[in-house]
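Listed here are the chains, written in short residue letters.
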Amino acid sequence: MKNDTVLSGMKAGLPIMASYLALGIACGIVLYDAGFSVLAIFLMSALVYAGAAQFLAGSMVAFGAAVPSIILMVFFLNLRHILMSASISKYVKNKPMSFLGLFGHTLSDESFGINYSRFQGDDWTANEALITNLFNYSAWSLSTVLGGIIGSQFTINTLIMNYALIAMFICMMVMQFVSKAHIIAGIVSVVLSVVFTAVLKHNIALVIATVLASFIGYYLENNAVEGGVKANE
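Everything quoted here is computed from the prediction, not taken from an experiment.

Novice: Just to check I follow, could you spell out the nonpolar core for this structure?
Specialist: As a rule of thumb, nonpolar side chains are buried together in soluble globular proteins. Phe103 and Trp140 are the most contacted members of the largest nonpolar core, which has 41 residues in total. Where this core is concerned, the elements lending two or more residues are helix H1 (3-33), helix H2 (38-47), helix H3 (51-62), helix H4 (67-77), helix H5 (80-88), helix H6 (97-105), helix H7 (109-119) and helix H8 (126-153). Ranked by residues supplied to this core, first place goes to H1 with 9 residues.

Here you go:
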C-alpha cells in the first residue's frame, strides 16, 4: 500500500484510537479484576475483538456465569456485526478472500461508522478502510493489555468503568446518526430496549431490541434508496 493510503487511514482512525486508549485500559482492568491473566486479555482482544462483549464477558465471569452462557451472550451481542458487514460489503466486494477475512475481523462499531460515512464520498478506498480498521484494532488490543498490567499492579474500583461503557455507547450512537433512517432506528432501539427489559427482565432484551431496530433501519434506508431511484427515472 502507498504511504498516502496508510496515512489517510490512520488519520481517519485517530479519534477512535484515542477513545480506545481510555476504554481499552478500562476493559483490561475489568477483565483482570474478573480473573483473566494479561496473556488471556491479549488473546481475547486479538481473537474476539469486541469491546462491549469483552466488558460483558468480564462481568459474567465475575458473577460466576457458566462458559456456555457467556459464549451465547457474546454471540447474540455481536450479531449486529453481520448487518454491519453486509451493509458495507458492496464497497469491498472486488477484494480477495484474504482481504475480506481481515477486514471483517477488524471491523468494529466505530470503524464501521467512520468507513461507512467516508464511503459515501468518492475518494475513500477499501485499502484506506482496512488501514483504519487495523489501527483501531491494534490500539484496542494494546490498550487492553496495558489495562491488564495496570490492574495487576494497582487496586482500582471497577465501578467507575460502568460510566465509561455508557459513554462509549452514546458516542457510538451519535456517530452513526448519518441519515433519517439511522436516527429512527436509534430511537426505536431505545424504546424497544426499555419495553423488552421491563417485560423480559433479562439482558437478552437488549440484543433483541438491537436486532429488531437494525432491521427497521435497513428497511427504511432501503426504501429511501429505492424511492430516490424511482424519482430519478
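Novice: Explain the packing of aromatic side chains to me, please; I cannot follow it from the model alone.
Specialist: Two descriptors summarise a pair of aromatic rings, namely the distance from one centre to the other and the angle between the planes of the rings. A full pass over the atoms with the stated rule returns 6 aromatic pairs. With 6.4 Å between their ring centres and 85° between their planes, Tyr91 and Tyr116 make a pair best called edge-to-face. A residue pair is termed long-range when its members are at least 10 positions apart, and Tyr91 in the loop between H5 and H6 and Tyr116 in helix H7 qualify at 25 residues. Pairing Tyr91 with Phe119 gives two aromatic rings, centres 4.5 Å apart and planes at 0°, and the pair type is stacked. Residue Tyr91 is found in the loop between H5 and H6, and its partner Phe119 is found in helix H7; the two are separated by 28 residues along the sequence. A relative accessible area of 25% means that Tyr91 is categorised as partly exposed. Grouped by ring-pair contacts, the aromatic residues Tyr91, Phe112, Tyr116 and Phe119 constitute a single cluster. The ring of Phe99 carries Lys95 above its face, with NZ or CZ at 5.2 Å from the centroid. Across the ring face of Trp124, the terminal group of Arg118 is positioned such that the distance to the ring centre comes to 5.0 Å.

Novice: Explanation requested: the side chain of Asn133 in the structure shown.
Specialist: Note that Asn133 resides in helix H8. Polar contacts involving the side chain of Asn133 include one to the side chain of Asn115, which spans 3.0 Å. Sequence-distant contacts of Asn133, defined by excluding residues within four places in its chain, comprise Tyr49, Phe103, Thr106, Leu107, Ser111 and Asn115.

So, how was this worked out
- Residues numbered from 1 in each chain as written.
- Predicted model: local features only at pLDDT ≥ 70, side-chain atom pairs only at ≥ 80, totals over all residues.
- Heavy atoms only, no water.
- Core = buried A, V, L, I, M, F, W, Y, C linked by side-chain atoms within 4.5 Å.
- Buried < 20%, exposed > 50% of the residue type's maximum accessible area, 1.4 Å probe, protein only.
- Helix = DSSP H or I, 4+ residues; strand = E, 2+ residues; numbered from the N terminus.
- Phe/Tyr/Trp six-rings, centres within 6.5 Å; stacked < 30°, edge-to-face > 60°.
- Lys NZ or Arg CZ within 6 Å of the ring centre and 35° of its normal.
- Polar contact = N/O pair within 3.5 Å; in protein donor to acceptor, adjacent residues only side chain to side chain.
- Contact = heavy atoms within 4.5 Å.

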